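Working through the structure, step by step
Chain residues, written in single-letter form:
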Amino acid sequence: LKIMRARDYDDMSRKTANIILAQVILKPTSVLGLATGTTPIGAYEAIIRAYERGDVDFSQVQTFNLDEYRGLANDDPQSYHYFMRKHLFDNINIDLDHVHVPDGSNADAAAATTAYDQMIEDAGFCDLQLLGIGRNGHIGFNEPDAAFSTGTHCVDLTRSTIEANARLFEREQDVPRQAYTMGIQSIMHSRMVIIAAAGDEKAQAVRDMCQGPVVPSCPASVLQLHPNAVLVADELALSLLS
Ligand code: F6R
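Residues numbered from 1 in each chain as written. Predicted model: local features only at pLDDT ≥ 70, side-chain atom pairs only at ≥ 80, totals over all residues.

Going by the annotation in an unreviewed UniProt entry, the name recorded for the chain is Glucosamine-6-phosphate deaminase, with Coriobacterium glomerans given as the source organism. According to the UniProt record, the Catalytic activity (unreviewed entry) comment for the chain reads "alpha-D-glucosamine 6-phosphate + H2O = beta-D-fructose 6-phosphate + NH4(+)". Its UniProt record, at the heading Sequence similarities (unreviewed entry), says of the chain: "Belongs to the glucosamine/galactosamine-6-phosphate isomerase family. NagB subfamily." (UniProt positions renumbered as here; feature names shortened; annotations may be inferred.)

Encoded structure:
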């Protein structure tokens, strides 16, 4: 796991964006794995600015998002579909037929998740997967567990994740209790992984990911085994590394 140190959130965002931009510039048909959450918003803004300058073309890019709440319509303002359109897709020249997010509106979990894995495989897996990290070390919605998950699947969200995500909903009881997420194996299939992290509330998870044992109780620790994973993190998130 390579570590790229950033001063603060803005610096982390620019560094993350630059890696994604380089990927797309070098391979215009790239398959990108994308994340939602607070962490990548600044990187998406930097990507949009580069697009507006004419530095990059997304017309042939395909994307697969990590996860989606189960039970929300795709146009629900709390859905990850909506988030991605607002923060990235509606502001660049990506073909919306090339963007994929698990279908949270499909109540049939087996059908929704199997179809998603098939699409990722048909696309030849991701060239680059962008990840954030949860305070408990989750990646995607792969929560601490007794074993590493494999492909896309349906998960029950933990208390800590529901509480962390409640800030984005009007009331905590509105936060969905389940989600569809790519599994650890899907993430490990990506040829490059970028983990973005900022803020001291991520410091313990970053430490466990980088310096703890590789264990499913810290799902992100599996990235120590990935041949091409880069952590881009600010000083606060790196503050507990020894
Ligand atoms: C989002 C996702 C989650 C987040 C993580 C950190 O698609 O898969 O694993 O990356 O919960 O969220 P933020 O960035 O909001 O701290």
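With that settled, the discussion passes to the site of the ligand. Residues in close proximity to the ligand total 13 residues, the closest being Thr36, Gly37, Thr38, Thr39 and Gly132. Class assignment of the residues belonging to the shell around the ligand gives a composition of 4 nonpolar, 8 polar and 1 charged. (Near = placed C-beta within 6 Å. Nonpolar A, V, L, I, M, F, W, Y, C, P; charged D, E, K, R; others polar.)

Right, let's get into helix α2 (residues 41–52). The end-to-end C-alpha distance of α2, which contains 12 residues, comes to 17 Å, matching closely the 16 Å that a straight helix rising 1.5 Å per residue would cover. For α2, the set of buried residues is Ala43, Tyr44 and Ile47. Along the axis of α2, the buried positions cluster into a sector of 100°, meaning they face one direction only. Close packing links the buried residues of α2 with α1 (9–26), α3 (80–87) and β9 (193–197). Gly54 occupies a position one or two residues after α2 and carries a positive phi of about 85°. (Helix = DSSP H or I, 4+ residues; strand = E, 2+ residues; numbered from the N terminus. Expected span 1.5 Å × (residues − 1). Buried ≥ 20, exposed ≤ 12 C-beta atoms within 10 Å, placed from the backbone. Arc of directions from axis to C-beta. Contact = placed C-beta atoms within 7 Å.)

Now for the sheet that holds strand β4 (residues 67–69). Strand order in the open sheet formed by 3 strands is β4-β8-β7, and the pairing between neighbours is antiparallel. Each edge of the open sheet is held by one strand with a lone partner, namely β4 and β7 (153–156). Within the sheet, the average angular offset between the axes of one strand and its neighbour, ignoring direction, is 25°. Both β4 and strand β8 (residues 178–181) contribute to a ladder of 3 bridges, which runs antiparallel. Of the residues in β8, the one forming a bridge with Glu68 is Tyr180. (Pairing = 2+ DSSP bridges. Axes fitted to C-alpha atoms, helices over the stretch in contact; angles between N-to-C directions.)

Mapped onto this numbering, the UniProt entry annotates "domain: Glucosamine/galactosamine-6-phosphate isomerase" (unreviewed entry) at residues 27–224. Between the end C-alpha atoms of residues 27–224 there is a gap of 26 Å, over a span that is 28% helix and 15% strand.

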